[in-house]
Amino acid sequence: LKEQFTEASVAYVDDVSMKLTAPSTNNGSLNPETKDWQFGFDKVFTDKSSQSDVFSEVSQLVQSALDGYKVCLFSYGQTGSGKTHTMLGGQGDSKGIIARSVEKIIEASERLEKKGWKYSMEACFIEIYNETVRDLLQPGTAHSQKYSIQNPKTAGGCPFVANVLREPVDSVEAANSLVRRASAARAVEATQMNDTSSRSHTIFMLYITGIHKDAGQKLEGCLNLVDLAGSERVSRSGASGARLRETCAINKSLSSLGDVFTAIGAKQKHIPFRNSKLTHLLAPCLSGDGKTLMFVNISPEVKDAEETLCSLRFASHVNACELGRGARRNVKALEETTNKPPPTPGSMKKPARRVASRTATRVSKARI
């Protein structure tokens, strides 16, 4: 929290609520008066919260991918608010959600091997740039290839893009190497709001297969970690030419994501997943069969007051949305099944399972 801002400030109320004080608006123009807005979420992080604190809130949800669930975590917010830091972070204690998630899953899978489970994992890293899917592990000329979003039934019900490179992940070091290569190939450009503004959505996709031969079971889960492109107003970004087209594509895609949550919240029969590549790809996680959570990163600075308010309103909108039927495990029987009852693959304790279920339906988080 940065209380030195007098015209616009973000105040921590408690662990689940916060207050924004900012100039009120009237048809888009700022008035001298200020107004208070209060918001409630499942968890509010301050600028004193460490990367470890943030991950501890979602670690059990992440680990449920080993149980055969489709799990998706979004990082949303205006450009420059810290989304990429939340997902990628740095080295050591500053490492982000992606590195910590892979580390957690590998550690848990090694423990489960003692109970007869054998896990294999593959990962890919893509970006959606101007509504075009790119493979960040095959940069350069590979960007001209057409990567099509396939029926999730061909991938055990998980989000799937044909022809992208999927690499085995058998260690934290292998995953970190993959992430570094992908990050170097991501589209970033300077705008008036951010010198290194992400111009695309990136999605780290970890596919997990678990087999217990004695029990005759096979589990297929997936973890999707999404660093969304930063939302920004065209008037503030100073974008023109190619940058303007990028900004318009970003805002349209984020608007489509909001439309999907609106339709789900209203329990409409038709959910407009195909209005953007992002929602089309992640439909298996958003349609009610998966577990989904959203981090919302905000800026406390005066000049960002309007974007902060928009981000918090979007977060509240998402937070009120229940995805539907409830998450489903993807469990199949092996050909050589036995009558031996299978041990529970999830090493999580019962309270952790309840936490995962709660965050699947109350999906918004705000990080200050």
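Structure first, text after, so check above.
Now for a description of the structure that goes with this document. Within each chain, residue numbers correspond to sequence positions counted from 1 in written order. Reporting in this predicted model follows two pLDDT cut-offs: at least 70 for local features of residues, and 80 or more for side-chain atom pairs to be given and counted; totals over whole chains, interfaces and linings ignore these cut-offs and use all residues. With hydrogens and water set aside, each side-chain value is computed from the structure's full complement of heavy atoms.

**A closer look at the packing of aromatic side chains**
Working definition: rings of Phe, Tyr and Trp (its six-membered ring) pair if their centres are within 6.5 Å, and the pair is stacked with planes under 30 degrees apart, edge-to-face with planes over 60 apart, and tilted otherwise. Evaluated as defined, the whole model comprises four aromatic pairs. Ring centres of F39 and F41 lie 6.4 Å apart, and the angle between their planes is 10°; this geometry places the pair in the stacked category. With respect to burial, F39 and F41 carry one shared label: buried. Aromatic side chains Y76 and F314 sit 4.3 Å apart centroid to centroid with 20° between the ring planes, which places their arrangement in the stacked category. Taken together, the positions of Y76 in strand 5 (residues 70-77) and F314 in helix 9 (residues 305-319) put the pair 238 residues apart, joining distant regions of the chain. Burial here depends on accessible area, computed with a 1.4 Å probe over protein chains only, as a share of the maximum for the residue type. Under 20% is buried, over 50% is exposed, and the range in between is partly exposed. Looking at Y76, the relative accessible area reads 8%, which means it is buried. In this analysis the charged atom, NZ for Lys or CZ for Arg, is taken to sit over a ring once it is within 6 Å of the ring centre and within 35 degrees of the ring normal. The ring centre of Y207 lies 3.8 Å from the NZ or CZ of R166, which sits over that ring. Sitting over the face of the ring of Y69, K291 holds its NZ or CZ atom 4.1 Å from the ring centroid. A run of DSSP states H or I qualifies as a helix once it reaches four residues; a run of E qualifies as a strand once it reaches two. Both are numbered from the N-terminal end.

**Details of the pairing of strand 12 (residues 217-227)**
Of all eleven residues in strand 12, ten are buried, a share of seventy percent or more. DSSP calls a pair of strands paired once it identifies at least 2 bridges connecting them. Judged from the six bridges that link them, strand 5 and strand 12 form a sheet pairing that is parallel. When the sheet's bridge partners are listed, V71 is paired in strand 12 with L223. Relative to strand 12, strand 11 (residues 201-212) is paired through eleven bridges, and the arrangement is antiparallel. If you follow F204 over to strand 12, its bridge partner there is L225.

**Description of the side chain of T279**
Its place among the elements puts T279 in helix 8 (residues 277-286). Classification of T279 as buried rests on a relative accessible area of 0%. There is a polar contact of 2.5 Å between the side chain of T279 and the backbone oxygen of F273. Ignoring anything within four residues of it in the chain, the contact list for T279 reads S256, L257, V260, P272 and F273. Contacts described as polar in this section are N or O atom pairs within 3.5 Å, which, within protein, must combine one atom able to donate a hydrogen with one able to accept it, while residues neighboring in sequence count only if both atoms come from side chains. Should any heavy atoms of two residues lie within 4.5 Å, those residues are counted as being in contact.

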